[in-house]
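Here are the chains, one letter per residue:
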Amino acid sequence: MATQQKDGGVPFAVTHELQSFRLLELPPEIVELLEAPNPPQLSIKSLPPAASGAANPKPAYAVLCTPNKSFQIRQVQTSNSVFVTQPSYEAHGNEIPTPATCAIASCSTTLELYPADASAVAHLGDVLPVYDIVGGEVDTTENGRSKGDVLADIPLSNAQCEQGWNEIIAFELSRSSYRPSVNILRQVWSSINAAALAENIKLDSQFLGYDLAELVAEESYPAPLTMAILRHLAKSEQDTKGQWSCLDRRRTVSFVGRILLQARQTSSEYRVADFIEEWKDSLPEAWRSEAQLKVIEGTYELPSSTTIRAKSIPAATTETATAKPTAAKGKWHERFAKTRKK
Amino acid sequence: MPAIPLHPRPLAPSSPSSASNPLPSLLHTPSGLALLELQGDIRFPPAASQSSTEVGKLVFPLYNPVLNGEGDTKWMKKVYFYVDQNQRMAGEVKKLGKPFAVVRKREITEDGDVVMGDGEAGGVREELEIVEIVKYKIIFALRPEPVGGGVEETV
């Protein structure tokens with residue numbers, strides 16, 4: 001019986017020149033993406049190799065990026081042999097070739113994907129120099145890197161990079177890229193507010209952002225920084241690529257409150273009443289009544305009943321990013337232990 | 001590190017369609033690629049005269065679409081892999097919980113000419129492409145068992 005089946009089976013051959021294939025395990029959402037009529041191009045990104053002698057090198061890892069998501073890639077050793085096969089014809093001697101299946105690649109590892117939802121803000125904070133103006137003098141270090149160069153080194157998808165870029169209010173200026181200090185944000189905002197008042201611009205309705213940035217630039221604040229702030233504060237449905245701007249009032253009021261507090265971080269005493277007054281004075285006249293503590297809930301603390309200070313921001317995002325590879329190692333050991341028990 | 005593009009479709013779809021696919025139709029993919037997993041490895045003496053070595057036969061004893069219809073899946077539970085004359089592995093066809101993308105290098109020289117294969121020439125930037133998405137695999141998780149008259153260990 002067995003012999004008959006054997007004769008009727010599909011010949012299985014192994015090619016002598018195996019090709020290099022990698023097997024990538026796909027989560028359902030990527031399968032869906034790839035099977036759509038016009039699948040987007042994916043990309044694999046990784047952190048640049050740490051400079052030798054760096055004090056605290058980050059663990060190297062690669063991520064697979066869709067247009068808006070990223071997945072950490074982990075290589076998993078398989079104890080079994082996995083062959084990629086394709087149809088072929090096998091002929092022996094003078095026999096007529098018969099349809100067969102032929103192994104053309106052998107894979108000893110597979111690649112697994114895990115969602116990497118870290119924020120790009122932590123990465124950008126590490127690589128972008130701070131742009132500040134102290135006593136009328138620009139205080140920064142040019143990095144000579146465009147936005148594109150910087151984002152290419154961040155192991156996250158384009159959409160996540162863009163979001164982080166906007167969140168940290170990063171900007172490009174003469175072929176370098178920077179992130180602003182709280183101090184300069186406060187200065188530029190005050191200039192934006194003054195220019196809007198002088199030109200009778202309502203910031204929460206459509207206005208020409210670039211014209212405003214030009215006015216602010218007269219006070220030697222770079223226009224790209226002003227544009228970055230306007231983009232950061234824009235209504236979410238706003239098309240931020242165009243020349244029109246329209247600020248989200250609530251977001252802007254909260255932003256102004258937070259930078260005022262953070263800019264005061266160094267000096268010890270800040271009375272709540274003084275803060276609220278300064279906050280109101282930093283807003284367009286019509287928005288004054290909205291300067292209330294509940295708008296900046298969670299970002300401040302009250303060291304006494306009459307004083308206020310900004311809450312220090314924990315650097316949580318970097319920790320989660322480094323914790324993941326450790327988990328991967330643990331899993332690998334588990335698998336290793338399993339195969340040894342067999 | 002610049003991002004390495006991973007193209008969702010192969011540049012030149014491999015066309016093994018000249019060979020008809022002898023596997024059950026459930027295992028067919030547009031490119032003809034399929035996955036077969038087994039415990040251990042296949043070793044065979046090199047035969048210089050041929051480009052490949054036939055190492056055995058795959059048998060799907062319960063596969064009978066004429067009798068049971070194409071929708072039948074019971075056949076997936078039993079697959080035999082006869083290696084040489086004396087050994088047999090019992091396995092099954094499994095639907096993968098997460099499908100595998102078969103990925104290979106796509107190489108493009110700076111002047112835009114496409115070079116397929118493993119060329120390591122200078123001025124080549126690395127690009128990858130997904131050749132196929134495979135949703136099933138044939139798996140032989142157990143060790144081979146001896147069959148037939150002469151019982152001898154050959155692997």
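Parameters at a glance
- Residues numbered from 1 in each chain as written.
- Chains lettered and ligands numbered in written order.
- Predicted model: local features only at pLDDT ≥ 70, side-chain atom pairs only at ≥ 80, totals over all residues.
- Heavy atoms only, no water.
- Helix = DSSP H or I, 4+ residues; strand = E, 2+ residues; numbered from the N terminus.
- Contact = heavy atoms within 4.5 Å.
- Areas by Shrake-Rupley, 256 points an atom, 1.4 Å probe, with all protein chains shown as cover.
- Buried < 20%, exposed > 50% of the residue type's maximum accessible area, 1.4 Å probe, protein only.
- Pairing = 2+ DSSP bridges.
- Axes fitted to C-alpha atoms, helices over the stretch in contact; angles between N-to-C directions.
- Salt bridge = Lys/Arg side-chain N within 4 Å of Asp/Glu carboxyl O.
- Arc of directions from axis to C-beta.
- Buried area = accessible area lost by both parts, 1.4 Å probe.
- Polar contact = N/O pair within 3.5 Å; in protein donor to acceptor, adjacent residues only side chain to side chain.
- Nonpolar A, V, L, I, M, F, W, Y, C, P; charged D, E, K, R; others polar.

K.L.:
What exactly am I supposed to notice about the overall build of chain A here?
P.N.:
Check the secondary structure of chain A and you find eleven helices and 14 strands. For chain A, long-range pairs separated by at least 24 residues make up 63% of all intrachain contacts whose partners lie at least 6 apart in sequence. Counting every atom, chain A has about 18,100 Å² of accessible surface; 50% of that belongs to carbon and sulfur.

K.L.:
Before we go on, may I ask you to explain the overall build of chain B in this structure?
P.N.:
The number of helices and strands found in chain B is one helix and eight strands. Counted from the first residue to the last, chain B has its helices and strands arranged as β-β-β-α-β-β-β-β-β. The burial tally for chain B puts 43% of its 155 residues in the buried class. For chain B, contacts bridging at least 24 residues in sequence account for 66% of all contacts bridging at least 6. When the accessible surface of chain B is split by element, carbon and sulfur atoms take 54% of a total near 8,400 Å².

K.L.:
Explanation requested: the sheet that holds strand β10 (residues 176-180) of chain A in the structure shown.
P.N.:
In any sheet, the strands associate via hydrogen bonds between backbone groups, in a parallel or an antiparallel arrangement. All names here are of chain A. Here four strands make up an open sheet; going across it, the order is β8-β7-β10-β9 and the pairing mixed. Here the strands that pair on one side only, and so sit at the sheet edges, are β8 (137-139) and β9 (171-173). When the angles between neighbouring strand axes are averaged without regard to direction, this sheet yields 45 degrees. Summarising the sheet, strand β7 (residues 130-134) and β8 pair through three bridges and their orientation is antiparallel. From the neighbouring strand, aspartate 132 faces β8, where its bridge partner is aspartate 139. This element, helix α6 (residues 182-199), spans β7 and β10 of the sheet and lies at about 65 degrees to β7.

K.L.:
What am I meant to see in the pairing of strand β4 (residues 62-65) of chain A here?
P.N.:
In summary, the side chains of a regular strand alternate between the two faces of the sheet. Residues and elements named next belong to chain A. The sheet contact formed by strand β3 (residues 42-46) and β4 spans four bridges and is antiparallel. Its bridge partner lying in β4, serine 46 is registered against alanine 62. In this structure, β4 lies alongside strand β5 (residues 70-90), joined through three bridges in antiparallel fashion. Considered in β5, the bridge of leucine 64 is made with phenylalanine 71.

K.L.:
It is not clear to me how the pattern of salt bridges should be interpreted in this structure. Could you clarify?
P.N.:
Side chains bearing opposite charge may pair, as long as their charged atoms lie close to each other. Residues and elements named next belong to chain A. Counted under the stated rule, the structure contains 15 salt bridges over all chains. Glutamate 162 is paired through a salt bridge with lysine 147; the nearest N and O atoms lie 3.0 Å apart. Of the two residues, glutamate 162 sits in helix α5 (residues 158-167) while lysine 147 sits in helix α4 (residues 147-152), which places them 15 residues apart along the sequence. Residue classification places glutamate 162 among the partly exposed positions, given a relative accessible area of 37%.

K.L.:
Teacher, can you tell me more about helix α7 (residues 209-217) of chain A here?
P.N.:
Structural remark: α-helix, 3.6 residues per turn; residues separated by three or four positions point the same way. All names here are of chain A. Those residues of α7 that sit buried are Gly209, Leu212, Ala213 and Val216. What you see down the axis of α7 is that its buried residues fit within an arc of 100 degrees, all on one side. As for α7, its buried residues are in contact with α6, β11 (207-208), α8 (223-233) and β12 (244-245).

K.L.:
Looking at this structure, how should I read the environment of tyrosine 131 of chain A?
P.N.:
All names here are of chain A. In this fold, tyrosine 131 is placed in strand β7. Its relative accessible area of 5% is what places tyrosine 131 among the buried residues. The spacing of tyrosine 131 and valine 182 is 51 residues in sequence and 9.5 Å in space, taken between C-alpha atoms. Residue contacts for tyrosine 131: discarding those within four places in its chain leaves Val138, Asp139, Thr140, Phe171, Leu173, Tyr178, Arg179, Pro180, Ser181, Ile184 and Pro222.

K.L.:
Please explain the interface of chain B and chain A as it appears in this structure.
P.N.:
Bring the parts together and some accessible area is lost; that lost area is often taken as the interface size. Facing the 59 residues of chain B at the interface are 58 residues of chain A. Summing both sides of the interface, chain B and chain A together bury roughly 5,200 Å²; the carbon and sulfur share of this comes to 60%. Joining chain B to chain A, the criterion identifies one salt bridge. A salt bridge links lysine 135 of chain B to glutamate 35 of chain A; the shortest N-O distance between them is 2.7 Å. At the boundary of chain B and chain A, one finds 20 residue pairs in polar contact (both at pLDDT 80 or more). Counting only elements with at least two residues in the side of chain B that touches chain A, the list comes to β1 (4-7), β2 (34-39), β3 (52-59), β4 (79-83), β5 (87-109) and β7 (124-140) of chain B. When grouped by side-chain class, the residues that make up the side of chain B that touches chain A number 36 nonpolar, 13 polar and ten charged. Across three bridges, β3 of chain A lies against β1 of chain B in antiparallel orientation. Along β1 of chain B, the bridge assignment pairs leucine 42 of chain A with leucine 6 of chain B.

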